Amino acid sequence: MDVEMTIERYADQGRCVGHVDGRVVFVRFALPGEKVRVTLDEPHDRADRFWTGEVSEVLEASPDRVEPVWPLAGPVAQGGGVGGADLIHVSLPGQLAWKKSVIDDQMKRMGHVDTDVDVVRAPGDEAPGDAADKGGKAGLHWRTRIELIADDEGMPSMRRRGSHVRVPISDMPLATERVLDVAAQTRLWEGGFEPGSQIRVVAPEPRGNAARPFDAKATANAHRTDADAPDYALMIDGRQCDGRRLLTEDVDVTLPGTGELMRFSYCVDCAGFWQVHRLAPNLLVQHVLDLTAQVLRGTGSACIWDLFSGSGLFTLPLALTAAPRVRMLSVEGAANAVRNAQRNLDRYHVRGVDAYVGDVARTLRTVPSRVAHPDLVVLDPPRAGARAEVCRRVMAAGPRGIIYVACDPTSLARDTATLTSGGYRLAHIRAYDIYPMTHHVETIALFTR
């Protein structure tokens, strides 16, 4: 069933809102102010509070609308539907405006605080001289990890949204040039896979020279047997088939106070989590270190909690640079990530970090006395957020500051309400558009007592 409507405002999950006969409709591939024809999702005659649908024709376009540079990710009516880039129809400035609107709206409605967040684009995500990004190639080639599925012919493909149809692909415009080089080298696009196989390609982004670089390969042999293999991985159904199992990810930052450029090198499992944008680790670690310097200014000895700590993205630089003497508690649910975090700490000869595997809320019920009273807590939870119990236990520990790294504005807003009701205030907020062409956005907030 097709209907015509005027789109009213942004919503979450990459959709916009319109109304048909008084009923709310969440619409994919729309923009506020547009008049569009929408194909409603089936079943469309149900008595739900709202319907969903997708733009099939634009009757009056927004100035922020562009032709999708990756048509396969666009609307089904235009031959797309593979997903993975739900803002592919929006100019890059329009994407920033969209994400800012969603964050500010969620923080007001659910967090009960007024914000005017800056959304910052990663360097290089907009082509030089293409500020309006009208049909340019900006916002592409940022993913250091891609996941595909083999179709019935054994070719790499992506599922068309809302169906089991697998659309074969011979390119991935969001992937970095390094990932595309690996795909070509391993003959990924030639197929030959078992139908239904899950395919994953991971290729760390090469970094230029940095002051005080760490020679990861020099100590890698102590932890893996494939240290001489190329620094990438091709995985089929969770099995590493080419490259390395343990990859080296480099993060370059400028140390607060000294201005010294430093590189941190991490051992990361190719099947594990790592920030997917080629520059996300640099941007996020830099911001967390800058905020840490504010919170701990003048402190000679600091106790820090790093919760949902992964492979130690923040743990390692905080342990080495946050203060002259640092004691830390890190907690992560994935055992393999904690093993790699410990490898990373050992390679830098870091002591004084109590690294725990387990549920964060349960772990915080009994904390060793030496790290029971943190000066600073860093939270980097999954999309569901830290949730109320973790927030309450963090507040009960009484840190001066809480740095919250959020990949979902709704979860951040909900946890903001918990933190502000418990005596903390939102002192700073900034967002990073490290997921161009998608509705996702990373937000960093600082709460102080």
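The structure contained in this document is the topic of the report that follows. (Residues numbered from 1 in each chain as written. Predicted model: local features only at pLDDT ≥ 70, side-chain atom pairs only at ≥ 80, totals over all residues. Heavy atoms only, no water.)

**Quick look at the environment of F314**
Phase 1: Assignment of secondary structure puts F314 in the loop between β16 (301–307) and α5 (315–321).
Phase 2: Given the relative accessible area of 3%, F314 is considered buried.
Phase 3: C-alpha of F314 to C-alpha of L379: the two residues are 65 residues apart in sequence and 9.8 Å apart in space.
Phase 4: Residues within four places of F314 in sequence aside, it is in contact with L284, V285, V288, D306, V378, D380 and V405. (Helix = DSSP H or I, 4+ residues; strand = E, 2+ residues; numbered from the N terminus. Buried < 20%, exposed > 50% of the residue type's maximum accessible area, 1.4 Å probe, protein only. Contact = heavy atoms within 4.5 Å.)

**Regarding the pattern of salt bridges**
Phase 1: Per the counting criterion, the structure on display carries 26 salt bridges.
Phase 2: Note that R143 and E147 form a salt bridge whose closest N and O atoms lie 3.8 Å from each other.
Phase 3: Given the relative accessible area of 40%, E147 is considered partly exposed.
Phase 4: Where R263 meets D252, a salt bridge forms, and the shortest distance between an N and an O atom there is 2.7 Å. Within this pair, whereas R263 is found in strand β15 (residues 261–269), its partner D252 is found in strand β14 (residues 246–254), the two being separated by 11 residues in sequence. By the burial criterion, R263 is buried, and D252 matches it.
Phase 5: The network of salt bridges with common partners includes R28, D41, E54 and R161. (Salt bridge = Lys/Arg side-chain N within 4 Å of Asp/Glu carboxyl O.)

**Let's talk about the nonpolar core**
As a rule of thumb, nonpolar side chains are buried together in soluble globular proteins.
Phase 1: Formed by 97 residues in total, the largest nonpolar core has its most connected members in M5, W70, L148, M172, L188, F314 and L318.
Phase 2: The biggest single contributor to this core is helix α4 (residues 280–295), with eight residues.
Phase 3: Beyond its immediate chain neighbours, meaning those up to four positions away, L188 contacts L148, P156, A183, F193, I199, V201 and L234.
Phase 4: One finds V117, W305, V360 and V441 within the second-largest nonpolar core, a separate group that totals 37 residues. (Core = buried A, V, L, I, M, F, W, Y, C linked by side-chain atoms within 4.5 Å.)

**Topic: the pairing of β14**
Phase 1: Extensive coverage of β14 is indicated by the burial of eight of its nine residues.
Phase 2: The pairing of β14 with β15 spans nine bridges and is antiparallel. Bridged to V253 within β15 is M262.
Phase 3: In this antiparallel pair of consecutive strands, β14 and β15, the connection spans six residues, and G257 shows a positive phi of 90°. (Pairing = 2+ DSSP bridges.)

**With respect to the packing of helix α1 (residues 92–109) against helix α9 (residues 409–421)**
Phase 1: Axis separation between α1 and α9 bottoms out at 8 Å; the angle between their running directions is 30°. One way to sum up the angle between α1 and α9 is to call them roughly parallel. The hand of the α1/α9 crossing is right-handed. Contacts between α1 and α9 involve V102, I103, Q106 and M107 from the first element and P409, T410, L412, A413 and T416 from the second.
Phase 2: Looking at the contact of α1 with α9 residue by residue, the class counts come to six nonpolar, three polar and no charged. (Axes fitted to C-alpha atoms, helices over the stretch in contact; angles between N-to-C directions. Parallel < 35°, antiparallel > 145°, perpendicular 65-115°, else oblique. Left-handed = near helix turned anticlockwise from the far one by under 90°. Nonpolar A, V, L, I, M, F, W, Y, C, P; charged D, E, K, R; others polar.)

**Notes on the sheet that holds strand β5 (residues 35–40)**
Phase 1: Read across the sheet, six strands follow the order β1-β5-β6-β4-β3-β2 without closing on themselves; strand pairing throughout is mixed. Two strands in the sheet have a free side with no partner beyond their single neighbour: β1 (2–6) and β2 (9–10).
Phase 2: For β5 and strand β6 (residues 50–60), the ladder comprises six bridges, and the chain directions are antiparallel. Along β6, the bridge assignment pairs V36 with V58.

**Let's talk about the sheet that holds strand β12 (residues 233–236)**
Phase 1: The strand order across the open sheet formed by six strands is β10-β9-β8-β11-β12-β13, and the pairing between neighbours is antiparallel. The open sheet terminates on both sides in strands that have one partner only, identified here as β10 (166–168) and β13 (239–243). Strand-to-strand twist across the sheet, computed as the mean angle between neighbouring axes with direction ignored, equals 40°.

**Section: the pairing of strand β19 (residues 376–379)**
Phase 1: The side-chain alternation of β19 yields two buried faces, one formed by L376 and V378 and the other by V377 and L379.
Phase 2: Pairing analysis gives four bridges linking β16 to β19, with the strands arranged parallel. Bridge pairing in β19 links I304 to L376.
Phase 3: Where β19 lies against strand β20 (residues 401–406), four bridges are found, and the strand directions are parallel. From the neighbouring strand, V378 faces β20, where its bridge partner is I403.

**Some thoughts on the packing of helix α8 (residues 388–397) against α9**
Packed helix pairs are specified by the crossing angle of their axes together with the interaxial distance, meaning the distance between the axes.
Phase 1: One can describe the packing of α8 onto α9 by two numbers: an axis separation of 10 Å at closest approach and a directional angle of 35°. For the pair α8 and α9, the sense of crossing is right-handed. Two secondary-structure elements touch here, α8 through A388, C391, R392 and M395 and α9 through D415, T418 and L419.

**Re unusual backbone geometry**
Phase 1: The phi angle at H141 is positive, at roughly 55°, despite the residue not being glycine.
Phase 2: Locating H141 in the fold gives a position in the loop between β7 (118–121) and β8 (145–150).
Phase 3: H141 gets classed as partly exposed once you look at its relative accessible area, which sits at 27%.

**Focus on the side chain of S330**
Phase 1: With respect to the element layout, S330 can be found in strand β17 (residues 325–332).
Phase 2: For S330, the residues in contact, after removing those within four places along its chain, are D306, S309, T315, V353, D354, A355 and Y356.

**Brief notes about the packing of aromatic side chains**
Phase 1: For the structure on display, the rule yields five aromatic pairs.
Phase 2: Centre to centre, the rings of F264 and Y348 are 6.4 Å apart; their planes meet at 45°, and the pair counts as tilted. With F264 in strand β15 and Y348 in the loop between α6 (335–347) and β18 (353–357), this residue pair connects regions lying 84 residues apart in the sequence. Each member of the pair, F264 together with Y348, is buried.
Phase 3: Note that R15 overlies the ring of F26, its terminal NZ or CZ placed 4.5 Å from the centroid. (Phe/Tyr/Trp six-rings, centres within 6.5 Å; stacked < 30°, edge-to-face > 60°. Lys NZ or Arg CZ within 6 Å of the ring centre and 35° of its normal.)

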